[in-house]
Amino acid sequence: MSAVMDNPAARLLNILEEGKQKNASQNCRTVWCQLLDIDATDKITFLGKLGKVLALSAEVVDELKKIDGINVERYMHWCQPVEKAFSDSRFDGQWLEFSKHLNEHVINYLTMTSDFLSLRSPQAILPKSDVEKIAEGAKELILEITEANLPDNIKYYMLSQLKKVLVAADDYKITGSKEVVQIVEETFGHAILKNDLVKPVETNPVAKKFWTFMANAAVVTTIATGVLQLAPTIEKLLPDIQFTQDAVVEVIKIADRVDVDKIA
């Protein structure tokens, strides 16, 4: 059973355990593309995602260092075999070259680290289904904004942020929800500093739709993860933005606070 994805050790563990189930005679690159949902012909995305998997070990160390009174090395016995798996295997070779390093001890040590971080330093979780819904909304908006009559700098900014949302959603298996949360927070941070990003809301319905989307995403992430506190800022920055009934219902579903059928 997959570990809860509330820390980098858990996310790495999920990927490696899934990898152990793959046919050892398969091509190494092919297996990685399967594990990380990559088009086999997209070499840039392949290298980018694999780099993020490699970075999970450093993230584990960072998380462990935040906890007082522990010996970090005690929880990192899995690290050297995993690093050796990456250094010894060839992308054009067999998956066995990588998977042979993932013995029972490696999985057990990594599981212990994952369980410890889950208990002592859990990260916020935004369910994958909700990340996917945010991504779908971003895709629709990208099409609309591309055709919208907006200043080039505003259009570029909106498209850039929405594309970041799509990348973060696509990398969810590796990075969890933190990148989605960071992008939403970053978007409003820029808006506070640069009022011209918000100005088109007054006259352009597509601009208003973008900020409504981001505001709703902020509320969903706040209630689901508890890590964003943007509501007062959003109200002051965008007083004309109204949340849709669907968005409110979705937020309540995620929060699991009331029976949705009771909403008027």
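Residues numbered from 1 in each chain as written. Predicted model: local features only at pLDDT ≥ 70, side-chain atom pairs only at ≥ 80, totals over all residues. Heavy atoms only, no water.

**Things to note about the nonpolar core**
Grouped burial of nonpolar side chains is what soluble globular proteins tend to show.
1) Next: Ranked by internal contacts, the top residues of the largest apolar core, which has 37 residues, are Ile145, Met158, Leu162, Trp211 and Met214.
2) Next: Sorting the residues of this core by element identifies α7 (128-147), α8 (152-170), α10 (178-193) and α11 (205-225) as the ones contributing at least two each.
3) Next: Ranked by residue count, the leading element in this core is α11, at 10 residues.
4) Next: Apart from the residues lying within four places of it in its own chain, the contact partners of Leu162 are Ala138, Leu141, Ile142, Ile145, Phe210, Phe213 and Met214.
5) Next: Counting residues in hydrophobic clusters, the runner-up holds 36 residues, among them Leu12, Leu16, Trp32 and Leu102. (Core = buried A, V, L, I, M, F, W, Y, C linked by side-chain atoms within 4.5 Å. Buried < 20%, exposed > 50% of the residue type's maximum accessible area, 1.4 Å probe, protein only. Helix = DSSP H or I, 4+ residues; strand = E, 2+ residues; numbered from the N terminus. Contact = heavy atoms within 4.5 Å.)

**Observations regarding the layout of surface pockets**
1) Next: Empty space within the second largest pocket amounts to approximately 240 Å³.
2) Next: Considering the residues around the second largest pocket, the lining is formed by 16 residues, among which Asp37, Lys128, Ala169, Asp170 and Asp171 are closest to the centre.
3) Next: Taken together, the elements giving at least two residues each to the lining of the second largest pocket come down to α7, α8 and α9 (172-175).
4) Next: Partitioned by chemical class, the residues of the lining of the second largest pocket number eight nonpolar, no polar and eight charged. (1 Å grid on protein atoms, 1.4 Å probe; cavity = no way out; pocket = protein on both sides within 12 Å on 5 of 7 lines; lining within 4 Å. Points joined across faces, edges and corners; volume = space filled by probe spheres on them. Nonpolar A, V, L, I, M, F, W, Y, C, P; charged D, E, K, R; others polar.)

**Focus: the packing of aromatic side chains**
1) Next: All chains considered together, the criterion is met by nine aromatic pairs.
2) Next: Plain terms: the ring middles of Trp32 and Trp95 are 5.4 Å apart, the flat faces sit at 80° to each other, and that makes the pair edge-to-face. Placement of Trp32 in helix α2 (residues 28-35) and of Trp95 in the loop between α4 (79-88) and α5 (96-99) is noted, with a sequence separation of 63 residues between them. Grouping residues by exposure puts Trp32 and Trp95 together as buried.
3) Next: Aromatic rings pair up to connect Trp32, Phe86, Trp95 and Phe98 into one cluster.
4) Next: Just above the ring of Phe46 sits the side chain of Arg29; from NZ or CZ to the centre is 4.6 Å. (Phe/Tyr/Trp six-rings, centres within 6.5 Å; stacked < 30°, edge-to-face > 60°. Lys NZ or Arg CZ within 6 Å of the ring centre and 35° of its normal.)

**Digging into α10**
1) Next: Between its first and last C-alpha atoms α10 spans 22 Å; for 16 residues at 1.5 Å apiece the expected length is 22 Å, and the two agree.
2) Next: For α10, every residue scored as buried is listed here: Glu179, Val180, Val181, Ile183, Val184, Thr187, Phe188 and Ala191. (Expected span 1.5 Å × (residues − 1).)

**Here's the deal with the confidence of the model for the chain**
1) Next: Summary statistics for the chain give a mean pLDDT of 84 and a share of 82% for residues scoring 70 or more.
2) Next: Across the chain, the element-wise mean pLDDT spans from 41 in helix α13 (residues 245-255) up to 97 in α2.
3) Next: For the stretch residues 243-264, pLDDT sits under 50, and the model shows 24 contacts to residues farther than four places along the chain or on other chains. (pLDDT = per-residue confidence, 0-100.)

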